[in-house]
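Each chain is listed here by its residues.
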Amino acid sequence: MRNNLITFLFSFIITVTFSQENSTLSGYITDARSGETVIGAKIYIPSVKKGAITNNYGFYSLTVPSGKYLVEFRMGGQETEKKEIDLSQDVRLDFEMGADFQDIEEVTVDAKAKENTESTKVGQIELSIDEIKTLPAFMGEVDIIKTIQLLPGVSSAAEGGQGFYVRGGGPDQNLVLLDEAIVYNAAHLFGFFSVFNADAVKSVNLIKGSMPANFGGRMSSVLEVNMNEGNKKRFGVKGGIGAISSRLTIEGPLKKDKGSFIVSARRTYLDVIMKAAIPDDSPFAGTSYFFYDLNLKMNYEISKKDKIFLSGYYGKDEFSFGNLDDNFQIDMPWGNGIAALRWNHIFSSKLFMNVTATMTDYQFSFISSQDQFRFKLNSGIRDWGGKVDFTYFPNTRHKVKFGLDYIYHIFTPVSVSAENDDTVFDTGEPQRLTSHESAAYILDEFDINENLRINAGLRYSMYQQVGPFTRYIKGDVSTPDTSITYKKGDVIQFYNGLEPRVALRWMLPDKSSIKAGYSYNYQYVHLTSLSAVSLPTDIWYPTTDIAKPQKGWQTSLGYFRNFLQNKLETSVEVYYKGMNNLIEYKEGAIPGDNINDNTDNLLVFGKGWSYGIEFFLKKSSGKFTGWVGYTLSKTEREFADLNDGNPYPAKYDRRHDLSVVGSYKLNKRWIFSGAFIYATGNTLTLPTSWYVQNQDLLFNYGERNSTRMAPYHRLDISATWYSKEYKEKYDKTTGETIKVKKKLKTNVAISVYNVYNRANPYFLYVDNDGDFLQGDFEIKVKQVTLFPIIPSVTWNFEF
Amino acid sequence: MRKIIYLLSIAFILFSCTKEVVIDIPGYKEQIVIDGRIETGQPPFVLISKSKDIYSPTDLNAFLNSFQSGAIVTVSNGTTSVQLTEICTDNLPPGSESFIAELLGVSVADLASVQICGYTSFDPLIAGEIGKTYNLTVNFEGETFTASTQIVQPTPFDAVFWKPDGNLTTHGYSWATLSDPAGQFDAYLWEVKRINLGADGLPKDDGFQKPFGPVFDDQFFDGLTFDFFFDNPSAYDDSISDKFRGLYPLGDTLVIKFSKMDRDVYEFMEKKELQLATAGNPFATPTNIPNNITGDALGVWAGFSPSYDTLICQP
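Please read these numbers as outputs of a predicted model, since none were measured by experiment.

A look at the overall build of chain A
Okay, step 1: Helix and strand counts for chain A come out as 5 helices and 53 strands.
Okay, step 2: Relative to its 799 residues, chain A shows a buried fraction of 59%.
Okay, step 3: Put simply, of all contacts in chain A between residues at least 6 apart along the chain, 67% involve residues at least 24 apart.

Here it is in structure tokens:
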């Protein structure tokens, strides 16, 4: 079977040689204003109906029969530019677009609009960062993750919940990449804000359907976030002052048109507000919270064929809680550090290579002290990765990608230390788990004919858990605990598997299309969560000899059609997803120490499935833009050791999920936006009965996730006012008043979150109070709501 | 991890608002609750009740009506088997009042005002002895439930003491020095009762109270000798100044009951305390408390071997 599949794939890659002589047009597309490369620009030759799209590095390659052509260059939100090119031989053309850019009062039809029907991308959505910035922002903080949660098939765990859930998959099943480096925890402030500073972001691409073979290691989705490269033409500063945070970005050329840098920083001042609000003599004077993050990127064109990029991110959250009366202090820092070094090389007009080296570090700590007692808990991950990726454009019909991925994982699931005065408690050796994850892949996107395009790929992934490691085997009443110790480098367990991926598009005569996709994925990391809401205390855990790799498959089928000359994009997609080797904690498990035990001894394993139908309608041009997304879905889990082995709804199972997003550009000065969300309430497990034991009231819980909270709905609105771009100036020489472009551009964004002050459930709990014997005992179910109506104002500037 | 959960709860409570809601909670099933215990030198005592729907009435009558009569309850220690007698608070054998009042958590004076029936035997042959295993059998409404527990070897404190906390001179925690036996599983329960007289001329506490996190095992300190402290569980009401909360004032006299238990009872007690600390809290996994009873019942059959120390709060 495997051999047949490989032969099948290569039969498409070893392509037909055309009898006619061909020439290739290739190069980079850049933005004339900043010199930055443009992702997703379209190069199109109408006379032969052939086109290409720039990749994540702005590179394109288009092979056509030799001749002279009028070539069109299209970039999102701008007029098409045309150029006549003699393609009697291969031509390298690095093209600057948008030199004559004029801000227009309405958005023109996006070059990508046709992609809705024409591409093989199933369940893939690209969002413009400008589009994201005009939407209402919670507390004035533009948030990429919150925006993608407005798309069909994507949901949040709860208000402010960390991570996002794609088509029934868990938050750990999303591959979040920042300039190709993995981000394990993409949230600040327990998930209320994402780690992505919108000022530093260039593009956002979400793949929730059929994942191409060049991506792997996760089962549900890919969120690709690419950072801005920095202006190669001139120095610039932009920033914003908001209700809870401020931002500052500085960018400029390292050498004009050759290289550039960008540095972007953000910090909240909640700690300053809390310090002012909590008196110094208050017992809680030691309580504060803040986060900060820093993005850095540099790029340099070494030669016409070589470019290097260095990207970095460092962000940290610091939460402290103090009670001076009790000499009690808790500090909880957590954060990510990410670095990526990339090298682009053009071997020829048809072969492009990217080499990436990455480092990802995520650490979480919890430090408490009370009088002489001190306790510290750490968990974290450090990854060292490398990737070589080739893109080969043999002819117009084919685009081939192949490459290798490698990651060395170092996991510290839980490491605990405790002291009491001079006594150091035995909390065991800190457990570190190390492993090698690697993959090889190949894929080909090719046109079988005018109507049928296939993207077929195969990924082969491998995983080795290696020593040093001690495996503790828990005995029962009659059997003592035992252990096995592995030395450094010992192979403890090896897993591998083939991951086929196929997506196809069939164009119908009425310019609509049908798309279908199938993907099979292995995932070698897990996220273990104790709570009904996701928190930084959730622990990442690698695949081990006990915790098997997650395996998932997804199939989807969709109908795509554009209306009104591509102004209106619509789609309907159905999907079914199966997931195996999912993990949960055993009932009542509390991970706390690592004495003679491994975290995975506390885990149970099961499976899950999800199916649904998604409707999407998007208007991306004109004064009024926006979208409506609706998902009808069901997501369940089944674990032999949980819920008596019976299937139960996943905690983020949502029957209905509706998002309506709109933005109206009144003129050059004003944009009004709104977003409405409706979602079926999340599930949770509440006690079904109470009983009394030794004078204490105890609860007994029923079926897992059998209670459903009230539906979630909310309306946010915003208005953004832009300063005039031009000022009038008297010209002494001509005696006329002329318009001069202002150096400083500003805007003020006013947002109202939760306009009608809906008390949405964050969680429910059962509260009891009083005394039976006094006759005033009560049991009540209570709902906690986080955010009422919240207005905010942010002032943004750029010069 | 418990502290993290506690901290997060506080953080979210600080920034959120709460209201009562009525929501469908499906899946209620009535179950028998067996609450039995036996301690060194004490007779076995078993209460049998039924669990109640979460939305059922919670008045005094509902509480009292949950206790069940008519069960056949037997306890054996391997050599002696005794069927327990059903006794009720309004008709107690002379001399048993203080024992029963302690178990029910009410004062002797209040015993007459509550109508609760339980099962016990004052046969000295079945009183708790260190090192013995006690088997419980309950026959009720056609079903049979069994359980087993052991009274393990106790570990008394090396010393107990009180010292002022921080810069204070008049208030402090209760401290103890413990030498944990090496190489074996040990689990402990700390309970305390203030026996000095209050303003009303009566002892400050009717019965033993449990502080926060009173149950622990020796995973962290197997074989170590160390000092540790517990707070005053009765010192948290609003009338007490913040800086004195959880502390014992100079002059209090305490009886500390420090009990040991077997692993199954510890599992029950640990999860019970966890549930009491986190019930309904979304940051903790919902915890159904495991028990050592065969059959579809709730509760526990628990053996304890307490040691008692008297601590006078003075430097």
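After that view, the rundown keeps rolling.
Section: the overall build of chain B
Okay, step 1: From N to C terminus, chain B includes 4 helices and 19 strands.
Okay, step 2: For chain B, the accessible surface area stands at approximately 13300 Å², while carbon and sulfur atoms represent 52% of it.

What about the packing of aromatic side chains?
Okay, step 1: For the structure on display, the rule yields 53 aromatic pairs over all chains.
Okay, step 2: Here the aromatic cluster, defined as three or more aromatic residues joined through ring pairs, consists of Phe157(B), Tyr188(B), Trp190(B), Phe216(B), Phe221(B), Phe226(B), Phe228(B), Phe230(B) and Phe258(B).
Okay, step 3: Cation over ring: Lys307(A) sits above Tyr28(A), and NZ or CZ is 3.6 Å from the ring centre.
Okay, step 4: Just above the ring of Phe309(A) sits the side chain of Arg342(A); from NZ or CZ to the centre is 5.3 Å.

Quick word on helix H4 (residues 263-278) of chain B
Okay, step 1: The terminal C-alpha atoms of H4(B), which comprises 16 residues, lie 22 Å apart, in line with the 22 Å expected from a rise of 1.5 Å per residue.
Okay, step 2: Of the residues making up H4(B), those classed as buried are Val265(B), Tyr266(B), Phe268(B), Met269(B), Glu270(B), Lys271(B), Lys272(B), Glu273(B), Leu274(B), Gln275(B) and Thr278(B).

Looking at the sheet that holds strand S5 (residues 67-74) of chain A
Residues and elements named next belong to chain A.
Okay, step 1: A sheet is described by the order of its strands in space; here 4 strands give the open sequence S3-S2-S5-S6, paired in antiparallel fashion. Each end of this open sheet is capped by a strand with a single partner; those strands are strand S3 (50-53) and strand S6 (81-87). Neighbour-to-neighbour, the strand axes of this sheet turn through a mean angle of 25°, independent of strand direction.
Okay, step 2: Here strand S2 (residues 42-45) runs beside S3; their pairing, made up of 4 bridges, is antiparallel. Within the sheet, the bridge partner assigned to Lys42 lies in S3 and is Ile53.

Comments concerning the pairing of strand S2 (residues 32-39) of chain B
Residue and element names in this part refer to chain B.
Okay, step 1: Burial of S2 is extensive: 8 of the 8 residues sit out of reach of the surface.
Okay, step 2: Judged by which residues are buried, S2 turns out to be covered on both faces: Ile32, Ile34, Gly36 and Ile38 on one side and Val33, Asp35, Arg37 and Glu39 on the other are all buried.
Okay, step 3: In this sheet, strand S3 (residues 45-50) lies alongside S2 in antiparallel orientation, the contact comprising 6 bridges. Pairing of Gly36 across the sheet is with Val46, part of S3.
Okay, step 4: Two strands pair when backbone bridges link them, and S2 and strand S19 (residues 297-312) are joined in this way by 8 bridges, in the parallel orientation. Each bridged residue has a counterpart across the sheet, and for Gly36 the counterpart in S19 is Trp301.

Description of a nonpolar patch on the surface
Residues and elements named next belong to chain A.
Okay, step 1: A cluster of nonpolar side chains, namely Leu254, Leu296, Met298, Leu310 and Leu341, defines an oily patch on the protein surface of about 390 Å² accessible area.
Okay, step 2: Note on placement: Leu254 falls in strand S19 (residues 245-255).
Okay, step 3: A residue is classified by how much of its surface remains accessible, and Leu254, at 45% relative accessible area, is partly exposed.

Considering the pattern of salt bridges
Okay, step 1: In the structure shown here, the tally under the stated rule is 48 salt bridges over all chains.
Okay, step 2: Measuring nitrogen to oxygen at the nearest pair gives 2.9 Å for the salt bridge that ties Arg459(A) to Asp405(A). Taken together, the residues Arg459(A) in strand S29 (residues 452-466) and Asp405(A) in strand S26 (residues 398-420) connect sequence positions 54 residues apart. For the pair Arg459(A) and Asp405(A), one class covers both residues: buried.
Okay, step 3: Between Lys780(A) and Glu20(B) there is a salt bridge, with the nearest N and O atoms lying 4.0 Å from each other. Placement of the pair is Lys780(A) in strand S52 (residues 778-785) and Glu20(B) in strand S1 (residues 17-20), with the two residues belonging to separate chains.
Okay, step 4: By relative accessible area, Glu20(B) is classed as partly exposed at 46%.
Okay, step 5: The structure contains a network of salt bridges with shared partners spanning Arg167(A), Lys208(A), Glu573(A) and Glu614(A).

Focus: a negative patch on the surface
Okay, step 1: A cluster of acidic residues, Glu587(A), Asp641(A), Asp644(A) and Glu703(A), forms a negative patch on the protein surface.
Okay, step 2: Checked against the element boundaries, Glu587(A) lands in the loop between strand S37 (568-585) and strand S38 (603-619).

Concerning the confidence of the model for chain A
Residue and element names in this part refer to chain A.
Okay, step 1: Model confidence for chain A is summarised by a mean pLDDT of 85, while 88% of its residues fall at 70 or above.
Okay, step 2: In this model, residues 5-19 is a region of pLDDT below 50 whose contacts with residues beyond four sequence positions or in other chains number 19 contacts.
Okay, step 3: Below a pLDDT of 50 lies the segment residues 103-109, which in the model reaches 25 contacts outside its immediate sequence neighbourhood of four places, other chains included.

Overview of the pairing of strand S42 (residues 670-679) of chain A
For a regular strand, side-chain orientation follows a simple rule: the groups alternate between the two sheet faces.
All names here are of chain A.
Okay, step 1: Across 9 bridges, strand S41 (residues 656-665) lies against S42 in antiparallel orientation. By the bridge assignment for S42, Ser663 is matched with Ser673.
Okay, step 2: Linking S41 back to S42 in an antiparallel pair, the connection comprises 4 residues.
Okay, step 3: Note: S42 against strand S47 (residues 712-722), 10 bridges, orientation antiparallel.

Digging into the side chain of Thr30(A)
Residue and element names in this part refer to chain A.
Okay, step 1: Structurally, the position occupied by Thr30 is in strand S1 (residues 22-31).
Okay, step 2: Overall, the relative accessible area of 12% leaves Thr30 in the buried class.
Okay, step 3: Non-local contacts of Thr30, meaning those with residues more than four positions away in its chain, are made with Gly35, Glu36, Thr37, Val38, Phe95, Glu96 and Met97.

Conventions and cut-offs
Residues numbered from 1 in each chain as written. Chains lettered and ligands numbered in written order. Predicted model: local features only at pLDDT ≥ 70, side-chain atom pairs only at ≥ 80, totals over all residues. Heavy atoms only, no water. Helix = DSSP H or I, 4+ residues; strand = E, 2+ residues; numbered from the N terminus. Buried < 20%, exposed > 50% of the residue type's maximum accessible area, 1.4 Å probe, protein only. Contact = heavy atoms within 4.5 Å. Areas by Shrake-Rupley, 256 points an atom, 1.4 Å probe, with all protein chains shown as cover. Phe/Tyr/Trp six-rings, centres within 6.5 Å; stacked < 30°, edge-to-face > 60°. Lys NZ or Arg CZ within 6 Å of the ring centre and 35° of its normal. Expected span 1.5 Å × (residues − 1). Pairing = 2+ DSSP bridges. Axes fitted to C-alpha atoms, helices over the stretch in contact; angles between N-to-C directions. Patch = residues over 30% accessible without salt bridge, like charges linked within 9 Å, V, L, I, M, F, W, Y side chains within 5 Å. Salt bridge = Lys/Arg side-chain N within 4 Å of Asp/Glu carboxyl O. Lys, Arg positive; Asp, Glu negative; His and termini not counted. Charge placed at Lys NZ, Arg CZ, Asp CG, Glu CD. pLDDT = per-residue confidence, 0-100.

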